[in-house]
Each structure stands twice: as C-alpha cells, then as structure tokens.
Amino acid sequence: MVEGAIRTRQVHLVARPEGQPHPGHFRVVDIDLPPPGDGQVLVENLYMSVDPYMRRSMDAEAKDLEPWPIGGPLNGPSIGRVLASRRADFAPGDIVESMSGWQAHFISDGEPFAPYLSSDTAIAKRRVGDGVEARDYLGLLGIASQTGYFALTCAATMHAGQTIVISSGAGTVGSVACQIAKLNGMRVVTSTGSADKIRWLLDEIGVDVALDYKSPGFVAELRAACPDGIDLLLENASPEHFSACLPLMNTNALMLIAGFISIYTGDGKARIENFEYVLDRFLTIKCFAFMEYLDAFDRFVTDMTAWRRDGRIRFREQIYDGLDCAPEALCSLFDGSATGKPLVRIAG
C-alpha cells in the first residue's frame, strides 16, 4: 500500500485560444496527491488520447462537455494501471480505462465508467492479452474508432455496390469507416488534405477514390468521382464538404454527421449551402454520439480485433513520448501534422 503523498504531474490550461491551439496554452505542473483512502484506488496512467472535441473544451463555453478550467486538471480518455487499491473489486496491476487523462496519476472512488457520461475518475477494467494491448483501448478500440464503427454498423445500413463518401478519410474515424465500408462491399470515395495521405488511403486502405479537399477543383472532382450519386455520407470535416455533397445525394439517402472539425477553431457556426436538396431529395440528416450504441461495445471489440488479426483492417498510430508532449499531440490534430491516431505514452 502506498504511504504518504504521491508526487505526480498534470497538464493545466493557462489560456483559452482564439483559433488554433498551440502548446503555449498549456503548462505541466507538479502536484502532490494523497494516498488512496478507504474505498479508493490509485491509478498510474500509461497512455492518454487526444481528440478533436478537446478544442471545444478549451473554450469558456464548451459545446460537448464542461469547459476545461484554467489552472486545474484537465480530462480526456486514458488507460492506466492500478498501483494501490483499498477496494475489493480492484487489485494492483488491473488495467483500467477512465477520462482522467492529462495527468500521470489519479485517485478513483471506483465509480463505474461510461465515456463522457460518468465522472472523470470513474474506471472500468479492460482485458489485455491475446493480441490486445492496453493502448488499444485508446487507439484501435478507442472512442474515435467506436465512432467510425457505430456510424456504419448501427446508425446506418450498408449495401454492397453503393457509393459512400467519407470525409477526413485519413483520420481515425474516417479510416476505420473507410475500411468497414470496403469490408461490406461498398464503393468508397474519401477526401483528405495531402498527397501522402491520399497515397496511404489508396495503397494501404484500398479506397476506390481519394481526393484532396484543398484542390481548387474539388467540387468538380467529387462530382466526377460519384457518377451514380452518393448513397451514404459520413461527414467528419466541414460544412463546406457537407455542402458539396448535397447536390450529389441520391433520393432518400442518409447523411451522417460525426463532426465538423473545421469549425472547432473558428466561431463554431456551421454555414450550409445547397440545403434545398434536403427537401428536394427527401434526405435524412442524422447527428449521432457513439455513446448511443455502447450496448454493442463487446461486438465492436470482437470485430475490430479479429479484423486486425486477419489483416483486414489497418490502424495507424502516432506515439508521443512523455506527458510534456501532450499539448503538441493535441495541436497536431488541427495543424495537419497528425499522421495517425495521436497517443501520448505517459508510463511504460
């Protein structure tokens, strides 16, 4: 059992950004945690995740969760190891998931964990072994992967031979969705922001068409890539991309919106053009949260691990070493430098 205070480190927000976040908005601080009391657990974080929604948490009026405080501990997905426990249901060495990222250690009361719904210090045991590593619960099996999986297997119905358009195809949500759509026989058209990412999507992921959304001729190129129209859309990128797809949607088609990452560093307003096609084509627009489908979590884990083992799905990670690198990892999501799912290794 740990005796006395535990010296640890946290990342705090020191200023709220206007536009793009940068590492100067954060500071790493040393703090003392008390030892776990009766009914409590001490957890050492092994990895933490950074995700696009966090930019909205940096604002004074956050849209998704409570805004991050200035000068206090932040939250986010993390996977850790129990160091000490004064609870019968957790033992030292247990691997646990929580929303207590951005810190090296934390104290938990053992409340059951549900992403974004429970307290930051709620925890859930996660199984490792048989090809599953602890960090997989933030990467291959993490929240972004769940979003891509649940979008196509729960929120929509896939039909072989139909055309799906998926924006931000090189991101975690997009790349997972692209591969699931291909596994189900769909024709996949996607977009991204660099030649390297286009090559990866074509050569490694196997999409049918990958376009550069920065191209001056993008709208015409998208139209040419969808000669029979769009049967299903998964939007992750921007109102502009969504607007470009509207005239191409087939009658009664579904448009799923997982997010508009482009507006997170702006004024937060989604300005949509071509909206008349929603009425003209009898389109359905559905915004969804992955938490709606957590009853399918076990199926998700089984499918994703099996597909990776069989080589039918590829997953790319970008590991940042050390808690000090967490701000850089987050900023990579908004400056175009991320080349895989960014994870921060906090402890070995």
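### A short note on helix H5 (residues 218-225)
Link 1 in the chain: Of all the residues in H5, the buried ones are Phe218, Leu222 and Ala225. Buried residues of H5, seen end-on, are gathered within an arc of 65° and therefore sit on one face of the element.
Link 2 in the chain: Looking at the buried residues of H5, the elements they touch are strand E8 (163-166), strand E9 (187-192), strand E10 (209-212) and helix H6 (239-245).

### Brief notes about the sheet that holds strand E11 (residues 230-235)
Link 1 in the chain: Pairing is parallel across the open sheet formed by six strands, whose spatial order is E10-E9-E8-E11-E12-E13. Taken across any chain shown, the strands that pair with only one partner, and hence form the sheet edges, are E10 and strand E13 (284-287). Strand-to-strand twist of the sheet, defined as the mean angle between neighbouring strand axes without regard to direction, takes the value 15°.
Link 2 in the chain: The sheet contact formed by E11 and strand E12 (residues 249-257) spans five bridges and is parallel. Paired with glutamate 235 across the two strands is isoleucine 257, which belongs to E12.
Link 3 in the chain: Along the sheet, helix H2 (residues 143-155) makes contact with E8, E11, E12 and E13, crossing E12 at roughly 140°.
Link 4 in the chain: Taken strand by strand, helix H4 (residues 195-205) contacts E9 and E10, and its axis lies near 175° from that of E10.

### Let's talk about the pattern of salt bridges
Link 1 in the chain: Considering all chains together, one arrives at 18 salt bridges under this definition.
Link 2 in the chain: Note that aspartate 89 is salt-bridged to arginine 87, the shortest N-O span being 2.9 Å.
Link 3 in the chain: By relative accessible area, aspartate 89 is classed as partly exposed at 34%.
Link 4 in the chain: Of the residues examined, arginine 87 reaches a relative accessible area of 25% and is grouped as partly exposed.
Link 5 in the chain: Lysine 182 is the partner of aspartate 208 in a salt bridge, and the nearest nitrogen-oxygen pair spans 3.0 Å. Of this pair, aspartate 208 sits in the loop between H4 and E10 while lysine 182 sits in helix H3 (residues 172-183), and the two are 26 residues apart along the sequence.
Link 6 in the chain: Note on aspartate 208: relative accessible area 36%, which makes it partly exposed.

### Describing unusual backbone geometry
Link 1 in the chain: The backbone phi angle of aspartate 130 is positive, close to 55°, even though this residue is not glycine.
Link 2 in the chain: Mapped onto the fold, aspartate 130 is located in the loop between strand E7 (124-125) and H2.
Link 3 in the chain: By relative accessible area, aspartate 130 is classed as exposed at 76%.
Link 4 in the chain: The backbone phi angle of phenylalanine 282 is positive, close to 55°, even though this residue is not glycine.
Link 5 in the chain: Looking at where phenylalanine 282 falls in the secondary structure, it is placed in the loop between helix H7 (276-280) and E13.

What counts as what
- Residues numbered from 1 in each chain as written.
- Predicted model: local features only at pLDDT ≥ 70, side-chain atom pairs only at ≥ 80, totals over all residues.
- Heavy atoms only, no water.
- Buried < 20%, exposed > 50% of the residue type's maximum accessible area, 1.4 Å probe, protein only.
- Helix = DSSP H or I, 4+ residues; strand = E, 2+ residues; numbered from the N terminus.
- Arc of directions from axis to C-beta.
- Contact = heavy atoms within 4.5 Å.
- Pairing = 2+ DSSP bridges.
- Axes fitted to C-alpha atoms, helices over the stretch in contact; angles between N-to-C directions.
- Salt bridge = Lys/Arg side-chain N within 4 Å of Asp/Glu carboxyl O.

Keep in mind these numbers describe shape, not what the thing actually does.
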